[in-house]
Structure formats: C-alpha cells, structure tokens
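# Structural features, examined
These are the residues of each chain, in order.
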Amino acid sequence: MPQSPPVILHHFEQSPFSEKIRLTFGLKQIAWRSSLISRIMPRPDLMPLTGGYRRTPVMQIGADIYCDTQCIMRELELRFAEPSLFPERNRGIGWASAMWTDRSFFQNTVNLVFGSLGDAVPQSFVEDRERLRGAKFDVAAMKAAIPQMRDQYRAHLDWIESQLADQGTFLCGERCGLLDINAYMNVWYVRSNLQVADQLLKGFSRVRDWEQRMRAIGHGKRVDISTADALVIARDSTPQTADMSDPLDPNGRKVGDLVDVTPDDYGKIPVRGRIVASSAQTIAIARHDAAAGDVVVHFPRAGFLVTPAAA
Ligand SMILES: N[C@@H](CCC(=O)N[C@@H](CS)C(=O)NCC(=O)O)C(=O)O
C-alpha cells in the first residue's frame, strides 16, 4: 500500500499564526515535517505551491495545499479527529473566535510588539510588510500609540481572565481546545518578544497559569524538511481532494468554475484556479504550476473573497 504523504508545515519560528498550528500538532500528538521559510519574501519554493498566497503558515499534504490557520485547523481536525479541538464542545464559538483573536486582538498585539521593538526592526522587514499591507508599516506611529495599545491589550487579557474565572482550567472547561489556541497566540507573541510581558500580564494570575499550561502542550513530533524537498513531494503527488459541489452556494458557483480567491484584509494576492470543492467554510481550487505540477489549494471562506475569473 502506498504511504500517505507527510504533513508539512511551511512556517518560520517567530510566526504567531504558525505557533497556533505547532500547538495543534502538540495537542493532537501529530508527527510533522517542518519546512522553514524566510520571514520575508521571496519564497521561491513555496509560491509554486500556493499560486501567490504569501501569508504564513501554509500546510502541505502531498499536492494538497492548505492556506490560513482556519483552513489548516479544520483539515487537521478532520484527519486527526482525536484528541479533538473541541473536547468541551463549543464548536461554533471556537471557529468564530478567530475573527477576534486573529484580527482585532492580533492587530493590537502587533502594534504593541513592533512599537516596542522600534528601531530594532530591520528595514528589509519594514519594506516587506509594507508590500504585504499595501500601506506604511509605521514603526514610529506604533511607538507613539504604545500607551493606547497597552490599554487595548489589557482589555483583551481581561476577557481571557474572566472566561478562565468562569470555566476553570481552559477557556471552555477542563480540556484545551481551539479557543485556547487562538487566544494564546497573542500572549505567546508578546512573551516571545517583550521583556515587559510580565508587566503587561500583571493582575491576570489565571492568564499566567493558563499560559504555562498552554506552553506545556508542546509541538508534537517535529522533523525538518527542506523547502526544495517539499516541492518535490508536491510534484510527485496527486491531489486527493474529491469533487464536492455546494447546492446551496448563494451565488450559484459550481465545480469547474474559474475563480480568484483573495484574502480580504492584507496580502491581497488573488490565487486563480477551478473550483474542486466548496462549502460554507471551505473552498478548494485546482491549479497547475510548472514546478509543482497539479495541486489543489484550499482556503477558508470567512475573510476570503471568491470572485469569477475570465479564462
Ligand atoms: N489569517 C491568516 C493570517 C496569517 C498571518 O498574518 N501571518 C503572518 C505571519 S505570523 C504573515 O503572513 N506575515 C507575512 C508573511 O509571512 O509573509 C492565518 O490565519 O493564517
């Protein structure tokens, strides 16, 4: 019987969104391959896989490519059902929490981190993130906003503290789940970058205890792979995604339609392909690349625009 291809995560160590996935590997005790990519563009071995999607992380299983942590976690929950990301149920709020943790909470955390790092942020990184955002990455403005950002960060932490006060060990009860991982990313990011983390967490004893429990989950079983070898695995594999039409698609999209899929917030680079499968929460498109061969690229629906493309 042919061996199933490895789970590969394309990521960089400092990436908070990647930490969500590394922790999911830990929670589910998954063996995975770590493909370390550059923190800034270019990423010549990864773009053939994604078709231009440039955010981090990306998961690859053979010739199936999963973009965005929402989509990656959904796939991991399907393939590695136990232990579940929802041991205390709360599925809806668990998934929806990304719209809090990854957007308003994260933007606040980023401004706090980069404002505090100030002049230590390399110019090459600033320029790369300006291209990503399509707007100025204004470290001086972030620095000036630190007092406001501290207030905002405290408000977010206070929500976590309140939830822990009601639920106990983790945010939905006795066992760790998706809501914990999503929220923890922003504590991890501050802890990894700022000496003043203890100061910011002052008064939140439950959050600090929970932070220790989250860190103890670990990252599962990690083995390195080069980006070049990951690309070869895609080229030598066949996508495994079965056609799945969505009879309730509110815009009448069908399998085979040519579409562009684009993030609605930043890194707005359209990826073009033909629909293979779609649902309320997922869309998978087939594309061909000279280096990667035939691949299927998967995206979430929330936070992504799907628009018709001319052939
Ligand atoms: N919604 C995305 C956001 C990912 C994201 O913004 N990641 C950061 C790194 S932690 C990023 O893409 N930075 C720019 C880059 O790596 O090119 C997700 O959930 O995966």
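Residues numbered from 1 in each chain as written. Predicted model: local features only at pLDDT ≥ 70, side-chain atom pairs only at ≥ 80, totals over all residues. Heavy atoms only, no water.

## Notes on the pairing of strand 6 (residues 258–263)
To keep it simple, the criterion reads: Only protein chains enter the calculation, and the probe is 1.4 Å; a residue is then buried if its accessible area is under 20% of its type maximum, exposed if over 50%, and partly exposed in between. Here a strand is any run of E in DSSP of at least two residues, a helix any run of H or I of at least four, and the numbering for each starts at the N terminus. For two strands to pair, DSSP has to find at least two bridges joining them.
The buried count for strand 6 comes to 6 of 6 residues, which makes it a mostly enclosed element. Across the two faces of strand 6 the burial is the same, with Leu258, Asp260 and Thr262 and Val259, Val261 and Pro263 all buried. Note: strand 6 against strand 7 (residues 271–278), 4 bridges, orientation antiparallel. Counted as the bridge partner of valine 261 is valine 271 from strand 7. Strand direction decides the pairing type here: strand 6 and strand 10 (residues 304–308), joined by 5 bridges, are antiparallel. Within strand 10, the position partnered with proline 263 by the bridge is phenylalanine 304.

## Some remarks on the site of the ligand
Keep this limit in mind: Near, as used in this document, describes a residue that has one of its heavy atoms within 4 Å of the molecule or strand being considered. Any N or O atom pair separated by 3.5 Å or less is treated as a polar contact, with the protein-specific requirement of one donor-capable and one acceptor-capable atom, and with residues adjacent in sequence counted only for side-chain atom pairs. Each accessible area is a Shrake-Rupley result for a 1.4 Å probe, and residues are judged covered by the shown protein chains and nothing else. Only protein atoms enter the 1 Å grid used here, on which a cavity is any set of points holding a 1.4 Å probe that cannot leave and a pocket is any open set flanked by protein within 12 Å on both sides along at least five of seven lines; residues with an atom within 4 Å of a point are listed as lining. The rule for placing a molecule in a cavity or pocket is simple: more than half of its atoms must lie within 2 Å of the grid points. Classification used: nonpolar for Ala, Val, Leu, Ile, Met, Phe, Trp, Tyr, Cys and Pro, charged for Asp, Glu, Lys and Arg, polar for all others including Gly. How far each domain reaches was decided by an automatic or database domain assignment.
Around the ligand there are 14 residues in total, and Arg54, Thr56, Asp68, Thr69 and Tyr266 lie nearest to it. In the environment of the ligand, an oxygen atom lies 2.9 Å from a nitrogen or oxygen atom belonging to the side chain of arginine 43. The separation between an oxygen atom of the ligand and a polar side-chain atom of arginine 54 is 2.6 Å. Within the complex, the protein chains bury 94% of what would otherwise be the 500 Å² of accessible surface of the ligand. In this structure, the ligand is accommodated by the largest pocket. Considered class by class, the residues forming the shell around the ligand number 5 nonpolar, 3 polar and 6 charged. Counting only domains with at least three residues in the shell around the ligand, you end up with domain 1 (7–83 + 221–308) and domain 2 (91–215).

## Focus: the pattern of salt bridges
Selection criterion: Only one rule defines a salt bridge in this text: a Lys or Arg side-chain nitrogen within 4 Å of an Asp or Glu carboxyl oxygen.
In the structure shown here, the tally under the stated rule is 21 salt bridges. A salt bridge links aspartate 198 to arginine 191, with the shortest nitrogen-to-oxygen separation between them at 3.1 Å. Judged by its relative accessible area of 49%, aspartate 198 falls in the partly exposed class. The exposure class of arginine 191 is partly exposed, given its relative accessible area of 26%. Through salt bridges with shared partners, a single ionic network connects Arg55, Asp68, Arg103, Asp264 and Asp265.

## Some details on the sheet that holds strand 8 (residues 282–289)
Defined as follows: Angles here are taken between N-to-C directions and fall from 0 to 180 degrees, while the axes themselves are lines fitted to C-alpha atoms, restricted in helices to the stretch in contact.
One open sheet accounts for 10 strands, arranged 5-2-1-3-4-9-8-7-6-10; its pairing is mixed. Strands with a single pairing partner mark the edges of an open sheet, and in this sheet they are strand 5 (221–224) and strand 10. Recorded for the sheet is a direction-independent mean angle of 35° between the axes of neighbouring strands.

## A closer look at unusual backbone geometry
Cis rather than trans, the peptide bond between methionine 41 and proline 42 has omega equal to 5°. With respect to the helices and strands, proline 42 occurs in the loop between strand 2 (31–36) and helix 2 (47–50). A cis amide bond links threonine 56 with the next residue in sequence, proline 57, at an omega value of 10°. When you line up the elements, proline 57 lands in the loop between helix 2 and strand 3 (58–61). Residues other than glycine seldom take positive phi values, yet aspartate 68 does so here, at roughly 85°. Since its relative accessible area comes to 11%, aspartate 68 is described here as buried. Here the phi dihedral of asparagine 90 falls at roughly 60°; this positive angle occurs in a residue that is not glycine. Tracing the backbone through its elements, the reader meets asparagine 90 in the loop between helix 3 (69–79) and helix 4 (91–96).

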